[in-house]
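Breakdown of the fold
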Amino acid sequence: LTKAWGASGTMWESVVRRPLHLLKTAPRELWLVYVLKALDSYGYFALSEVFTMLLSDEFGASDTVAGAVYGGWGMAITLYGILTGTLIDAMGVRTSLVASYALQTASRLVLVGTRSTALAYAMIFFVQPLASSWGAPVLTIAIKRLVRDADRTVSFGLFYAMMNVAALLSGFAIDALRLGLPNGISNDESSPLRSPVRVVVLSTVATSLGALCVSWRFRDLPPSGSGTSSGGGPSVTWRTQAENARGVLRNRRFWQFLAMAVFTLNLKQIFRHMDATFPKYAVRAFGCDAPFGSIYAINPAMIILGVPIVAAATPRVRHFDMIFRGGWITALSPFLLAWRQTYAGACAFVTVLSLGEMVWSPRWYDYTMACAPPGKEGVFGALALAPVFAAKLPTGLLGGYLLQTHCPAAP
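Everything in this summary refers to the structure shown in the same document.

Quick notes on the rules
- Residues numbered from 1 in each chain as written.
- Predicted model: local features only at pLDDT ≥ 70, side-chain atom pairs only at ≥ 80, totals over all residues.
- Heavy atoms only, no water.
- Salt bridge = Lys/Arg side-chain N within 4 Å of Asp/Glu carboxyl O.
- Helix = DSSP H or I, 4+ residues; strand = E, 2+ residues; numbered from the N terminus.
- Buried < 20%, exposed > 50% of the residue type's maximum accessible area, 1.4 Å probe, protein only.
- Contact = heavy atoms within 4.5 Å.
- Expected span 1.5 Å × (residues − 1).
- Bend = angle between axes of the 7 residues up to and from the residue.
- 1 Å grid on protein atoms, 1.4 Å probe; cavity = no way out; pocket = protein on both sides within 12 Å on 5 of 7 lines; lining within 4 Å.
- Points joined across faces, edges and corners; volume = space filled by probe spheres on them.
- Nonpolar A, V, L, I, M, F, W, Y, C, P; charged D, E, K, R; others polar.
- Phe/Tyr/Trp six-rings, centres within 6.5 Å; stacked < 30°, edge-to-face > 60°.
- Lys NZ or Arg CZ within 6 Å of the ring centre and 35° of its normal.

**Focus on the pattern of salt bridges**
- Following the criterion strictly, the structure yields eight salt bridges and no others.
- Taking the shortest distance from any N to any O, the salt bridge between Glu58 and Arg198 comes out at 3.0 Å. In this pair, Glu58 sits in helix H2 (residues 28-59) while Arg198 sits in helix H7 (residues 196-216), placing the two residues 140 residues apart along the sequence.
- By relative accessible area, Glu58 is classed as partly exposed at 22%.
- Residue Arg198 is classed as buried on the basis of its relative accessible area of 0%.
- Here Asp63 ties to Lys280 by a salt bridge, and the two come within 2.9 Å at their closest N and O atoms. On the criterion of sequence distance, the pair formed by Asp63 in helix H3 (residues 63-91) and Lys280 in helix H11 (residues 278-286) is long-range, its members being 217 residues apart.
- Since its relative accessible area comes to 5%, Lys280 is described here as buried.
- Here the residues in one salt-bridge network are Asp63, Lys280 and Arg284, joined through shared partners.

Below, the structure written as structure tokens:
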């Protein structure tokens, strides 16, 4: 009984008291990081969940074309991420955030208003992926530079929880906007805002604009163990950053990390099918009023509740072991939907997917920053996100083909 009370006290300390103490003593920038993560994540998840529907419903793309564009979007983010990794290290945290959210706001605003397929594709393949690849790794870099090593696991647990709060809200918001406003928010028959899907994208413009305002108040952060700023100083040159990149390529830990990134690629594909394939599948299998956003929201709801408990219960378990074990659970989840193509089967699929994710996915952030040498976090941060976005290409192509062949839209 004494041991049980002791374990319970340790769990309470790790799940509740440590995160609260961290937030209470955190610098302002750490709070801003969590706000930015919530705003950025809402925009990313909401846009991703309606992306292929936007292309098909508003720009006339077939399932296969929409899937290919979705995949190309992800590959563009990956390629830009590799190029902007050293750019982040050279320009610094604040400048990178401001530039990223300015581009993000502008590109999404164009997607809301344009009827030109060429202009939409220009935003999708050039401006939007540049903004995403430039901004996303910066927030993990900021956490590494703001907190002590002893607090890093808790910090990334909170970071991951904020992302999932935004994902939860995005799922409910999509259903509320799509089902609650079937004729959009305009009475003008010719207005793009007659489309509920474009209204969802408009909501991401609002969060991007909010993130731009927050990032403007951010102060720059020097690399860990360095007394100089990571951006703007005379000591930071493009030649220095090129040398840093060569140093990363000669680092054995880089290649170990890259191998892990490749091994988790198939796991990332399951999550990307939730964006590229599941919304259209749900509408066609269950009806136009299928609440696919609410089904999707099961995932972040479980992560919000489960990740702090898992993180508190396994602080001494190796990153690799957590990624390996959680990966197996995630990999088994799609078979449940294949077995029962009903609402119950869809919910079971998302539930098991979430159980695996809460074990392995938060550790991926921590593992990435643990591998990154001081001053070179931009390269590692970009590479950490590369499997997420590289998985979009095979997912988009396969999902589009399967939808068009086996679950086509009604004529």
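Next comes the rest of the write-up.
**A short note on the side chain of Ser170**
- One can find Ser170 in helix H6 (residues 152-180).
- Not counting residues within four places of it along the chain, the set of residues in contact with Ser170 comprises Tyr42, Phe45, Ala46 and Glu49.

**Concerning helix H13 (residues 298-313)**
- Helix length check: H13, at 16 residues, gives a terminal C-alpha distance of 22 Å against a target of 22 Å (1.5 Å per residue), a fit within 8%.
- Roughly 35 degrees is the biggest bend found in H13, and it falls at Gly306, with proline Pro308 one to four residues downstream.

**Here's the deal with empty space enclosed by the protein**
- Considering all chains together, one arrives at three cavities of 30 Å³ or more under this definition.
- Approximately 110 Å³ is the volume found for the second largest cavity.
- Along its surface, the second largest cavity is lined by 13 residues, and Thr153, Val307, Ala311, Pro362 and Arg363 are the ones closest to its centre.
- With five residues, helix H16 (residues 343-371) is the largest single contributor of residues to the lining of the second largest cavity.
- Within the lining of the second largest cavity, the residues separate by chemical class into eight nonpolar, three polar and two charged.

**Focus: the packing of aromatic side chains**
- Counted according to the given criterion, the structure contains eleven aromatic pairs.
- Ring centres of Phe51 and Trp73 lie 4.5 Å apart, and the angle between their planes is 5 degrees; on these two criteria the pair is classed as stacked. Here the residue Phe51 occupies a position in helix H2, and Trp73 occupies one in helix H3, the gap between them amounting to 22 residues.
- The buried category is assigned to Trp73, whose relative accessible area is 1%.
- On the numbers, 4.5 Å between centres and 35 degrees between planes, the contact of Phe286 with Tyr343 is tilted. In this pair, Phe286 is assigned in helix H11 and Tyr343 in helix H16, connecting sequence segments 57 residues apart.
- A residue is classified by how much of its surface remains accessible, and Tyr343, at 37% relative accessible area, is partly exposed.
- What links up through ring pairs into an aromatic cluster is the set Tyr44, Phe45, Phe51, Tyr70, Trp73 and Tyr296.
- Above the plane of the ring of Trp216 lies Arg94, whose end atom (NZ or CZ) is 5.0 Å from the centre.
- Its end group placed over the ring of Trp339, Arg340 keeps NZ or CZ at 4.3 Å from the ring centre.

Scope: geometric values only; no functional claims are made or implied.
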